[in-house]
Amino acid sequence: GENVEQHPSTLSVQEGDSAVIKCTYSDSASNYFPWYKQELGKRPQLIIDIRSNVGEKKDQRIAVTLNKTAKHFSLHITETQPEDSAVYFCAATTSGTYKYIFGTGTRLKVLA
Amino acid sequence: NAGVMQNPRHLVRRRGQEARLRCSPMKGHSHVYWYRQLPEEGLKFMVYLQKENIIDESGMPKERFSAEFPKEGPSILRIQQVVRGDSAAYFCASSLLGGSGTDTQYFGPGTRLTVL
């Protein structure tokens, strides 16, 4: 069945450094890849997304890259700040289906 | 412009009782999705509903779980005869266009169910 693997499960970086989280998907028909940030006890919030007709998308300090051939996509956060500390989830979905397949999450800690 | 609303935020039930979780989608959204999140895990799809229709319930256990999205009122996820393994956070999401495209889903704050 469809599967999304996410690495690493935990990531600690110094404030100001960059953080990279990687996801690999199994369904080659997947064509939409959102990223969510979830703070403790809060709802998942969409932070950036990318569609399969695009290789890279950037929004201020956050960027996502997609490699369709290798079936993986990555989240890049530059100049990290303590408020970036949270759990980040990647997801993949396919046009015509309804469910997001989520990765298992990455707990990011930004150390001041 | 209210987002997705869920209530209650916290629900405690004893084994064997029923749990009812409610979700009101964002204004203008008629597509609702329910996900379950176990501690330290990702979100797992349960069911997708449009008004008065269940479109995909492939992720929902066939026994004890049911969902509805009536013409009027919120979507309801119902768990009968709860067991300890049902303890989890249940998130509802809504979208504008539904699964025909790759439509962004917006999540509610979740209901944290604890079964004693």
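Residues numbered from 1 in each chain as written. Chains lettered and ligands numbered in written order. Predicted model: local features only at pLDDT ≥ 70, side-chain atom pairs only at ≥ 80, totals over all residues. Heavy atoms only, no water.

Draft legend 1. Up close: empty space enclosed by the protein. All names here are of chain A. Tallied over the entire structure, the rule returns two cavities of 30 Å³ or more. The calculated volume of the largest cavity comes to roughly 80 Å³. Taken together, 13 residues make up the lining of the largest cavity; nearest its centre are Glu2, Ser30, Ala92, Thr94 and Ile101. A class-by-class count of the residues in the lining of the largest cavity yields four nonpolar, six polar and three charged. (1 Å grid on protein atoms, 1.4 Å probe; cavity = no way out; pocket = protein on both sides within 12 Å on 5 of 7 lines; lining within 4 Å. Points joined across faces, edges and corners; volume = space filled by probe spheres on them. Nonpolar A, V, L, I, M, F, W, Y, C, P; charged D, E, K, R; others polar.)

Draft legend 2. Structural context of the state of the cysteines. All names here are of chain A. Counted by the stated rule, this structure contains two disulfides over all chains. Between the sulfur atoms of cysteine 23 and its disulfide mate cysteine 90 the distance is 1.9 Å. Between cysteine 23 and cysteine 90, the S-S dihedral sits near -100 degrees, and the bridge is therefore left-handed. You can see cysteine 23 sitting in strand 3 (residues 19-25) and its partner cysteine 90 sitting in strand 9 (residues 86-92), a full 67 residues away along the chain. (Disulfide = S-S within 2.5 Å. Helix = DSSP H or I, 4+ residues; strand = E, 2+ residues; numbered from the N terminus.)

Draft legend 3. Seen up close, the packing of aromatic side chains. Tallied over the entire structure, the rule returns 15 aromatic pairs over all chains. Seen in terms of ring centroids, Phe33(A) and Phe73(A) are 4.8 Å apart; in terms of plane orientation they differ by 45 degrees. Their pairing is tilted. Here Phe73(A) lies in strand 8 (residues 72-77) and Phe33(A) lies in strand 4 (residues 32-38), a separation of 40 residues in the sequence. Judged by its relative accessible area of 0%, Phe33(A) falls in the buried class. What makes Phe73(A) buried here is its relative accessible area of 0%. With a centroid separation of 5.6 Å and 90 degrees between ring planes, the pair formed by Phe102(A) and Tyr35(B) is classed as edge-to-face. (Phe/Tyr/Trp six-rings, centres within 6.5 Å; stacked < 30°, edge-to-face > 60°. Buried < 20%, exposed > 50% of the residue type's maximum accessible area, 1.4 Å probe, protein only.)

Draft legend 4. Fine view of the environment of Leu77(B). Residue and element names in this part refer to chain B. Mapping leucine 77 onto the fold places it in strand 8 (residues 75-79). Judged by relative accessible area, leucine 77 falls into the buried class, the value being 0%. In this structure, leucine 77 is in contact with Ala19, Arg20, Leu21, Trp34, Met46, Met60, Ser66, Ala67 and Tyr90, ignoring residues within four places of it in sequence. (Contact = heavy atoms within 4.5 Å.)

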